[in-house]
Amino acid sequence: MVLSAADKSNVKAAFGKIGGQADEYGADALERMFAAYPQTKTYFPHFDLSKGSAQVKGHGKKVAAALVEAANHVDDIAGALSKLSDLHAQKLRVDPVNFKLLGQCFLVAVATRNPSLLTPEVHASLDKFLCAVGTVLTAKYR
Amino acid sequence: MVHWSAEEKQLITSVWAKLSVEECGAEALARLLIVYPWTQRFFSNFGNLSSPTAIIGNPKVRAHGKKVLTSFGEAIKNLDNLKGTYSKLSELHCDKLHVDPENFRLLGDILVIVLATHLAKDFTPACQATWQKLVGVVAHALAHKYH
């Protein structure tokens, strides 16, 4: 799966519009993921996962920052996320299926916060982008 | 049998009441064909699917989308017997249409996103969780008669 020039442009524009609120989108996506897919909570036994949790907000900020970084280096996502890829392979070892779940919740977060942003074309590009990010983060698993 | 809490049933029916089945159905199917283009394999007789604009404007896509989501409405009326409700449709999708059940999961996720764009902030995490559960259960029911 390859990101076309149009996809890259859509992704950059989308994150441009999300702008400084990316942190909230990240936290929102995580909150939604924990609600819709309770099994994902197994990776966070050390977190307070109650509503408004500062830990979830903090982690959402990290997730968002990584997505922004990938969007800013959309021509070389693997390079941009290389360290994160190592971390996931060596330490975190989140099962690959979970990246799709977070991706779905990030798209829903965008859809609820900025519905007009998520045209079918942008939806397609963002979905591809999130898949690519998941692929990079799991690339060194074995 | 799937258990639905009173809260879940409320979240399902209240969202459903706000929807235009025709609009949301058309949009969900169009997005499925756009976001996951390989799903077009089932619709070779639908005419022009060459671009997002063509897909969105395609009258067969709109009509079929409406049909699919109308059927979803039946599920909502029969939350306590989804396997029974979808028994014949399941056989049809296996024996005649030859649709990989993975496609039901893809469409379900797309439907959730369409609902999210329409309901915006009203589509709370609890609401999404309930609807992700519903689309998952519908997908499972539609796959149940596969052999």
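Procedures and definitions
- Residues numbered from 1 in each chain as written.
- Chains lettered and ligands numbered in written order.
- Predicted model: local features only at pLDDT ≥ 70, side-chain atom pairs only at ≥ 80, totals over all residues.
- Heavy atoms only, no water.
- UniProt positions renumbered as here; feature names shortened; annotations may be inferred.
- Helix = DSSP H or I, 4+ residues; strand = E, 2+ residues; numbered from the N terminus.
- Buried < 20%, exposed > 50% of the residue type's maximum accessible area, 1.4 Å probe, protein only.
- Contact = heavy atoms within 4.5 Å.
- Areas by Shrake-Rupley, 256 points an atom, 1.4 Å probe, with all protein chains shown as cover.
- Lys, Arg positive; Asp, Glu negative; His and termini not counted.
- Charge placed at Lys NZ, Arg CZ, Asp CG, Glu CD.
- Polar contact = N/O pair within 3.5 Å; in protein donor to acceptor, adjacent residues only side chain to side chain.
- Buried area = accessible area lost by both parts, 1.4 Å probe.
- Salt bridge = Lys/Arg side-chain N within 4 Å of Asp/Glu carboxyl O.

The name an unreviewed UniProt entry assigns to chain B is Hemoglobin subunit beta, from the organism Poecile atricapillus. In UniProt, chain B has this text filed under Sequence similarities (unreviewed entry): "Belongs to the globin family." Comment text from UniProt for chain B, heading Subunit (unreviewed entry), reads "Heterotetramer of two alpha chains and two beta chains."

Going by the annotation in an unreviewed UniProt entry, the name recorded for chain A is HBA protein, with Poecile atricapillus given as the source organism. Per UniProt, chain A has the following entry under Sequence similarities (unreviewed entry): "Belongs to the globin family." Its UniProt record gives chain A a comment under Function (unreviewed entry), which states: "Involved in oxygen transport from the lung to the various peripheral tissues."

(A) Expanded view of the overall build of chain A. When you go through chain A residue by residue, the secondary structure sums to 7 helices and 0 strands. Starting at the N terminus and ending at the C terminus, chain A contains elements arranged as α-α-α-α-α-α-α. Taking the principal axes of its C-alpha atoms as reference, chain A extends roughly 40 × 35 × 20 Å. Here chain A, with 142 residues, has 48% of them falling under the buried criterion. Across chain A, every contact between residues at least 6 apart in sequence was considered, and the portion connecting residues at least 24 apart equals 78%. With an accessible surface of roughly 7,000 Å², chain A has 57% of that area assigned to carbon and sulfur atoms. Charged side chains of chain A number 17 positive and 13 negative; the gap between the two group centres comes to 4 Å.

(B) Here's a closer look at the side chain of B:R31. Of note, B:R31 is situated in helix α2 (residues 21-35). Here A:L118 takes part through its backbone oxygen, which lies 2.8 Å from a polar atom of the side chain of B:R31.

(C) Main features of the interface of chain A and chain B. If you look at the interface, chain A gives 20 residues, while chain B gives 20 residues. The junction of chain A with chain B conceals about 1,800 Å² of combined surface from both sides, 63% of it contributed by carbon and sulfur atoms. Inspection of the chain A/chain B interface yields 0 salt bridges. At the junction of chain A with chain B, the criterion picks out 9 residue pairs in polar contact (both at pLDDT 80 or more). Breaking the side of chain A that touches chain B down by element, the ones donating at least two residues are α2 (22-36), α6 (97-113) and α7 (120-138) of chain A.

(D) Just unusual backbone geometry, in detail. One non-glycine residue with positive phi stands out, namely A:R93, at about 45°. Positive phi values are uncommon outside glycine, yet B:H98 reaches one of about 55°. Along the chain, B:H98 falls in the loop between α6 (87-96) and α7 (102-119). Among the residues examined, B:H98 registers a relative accessible area of 53% and is labelled exposed.

(E) Spatial organisation of the environment of B:Y146. Residue and element names in this part refer to chain B. Within the fold, Y146 resides in the segment after α8 (125-143). As a C-alpha pair, Y146 and D95 span 51 residues in sequence and 8.0 Å in three-dimensional space. Setting aside residues up to four positions removed in sequence, Y146 forms contacts with S90, H93, C94, V99, P101 and F104.

(F) Representation of the UniProt feature "domain: Globin" (unreviewed entry) in chain B in the model. The residues that UniProt annotates with the feature "domain: Globin" (unreviewed entry) are residues 3-147 of chain B. Overall, residues 3-147 of chain B shows 72% helix and 0% strand. The separation of its end C-alpha atoms is 26 Å.

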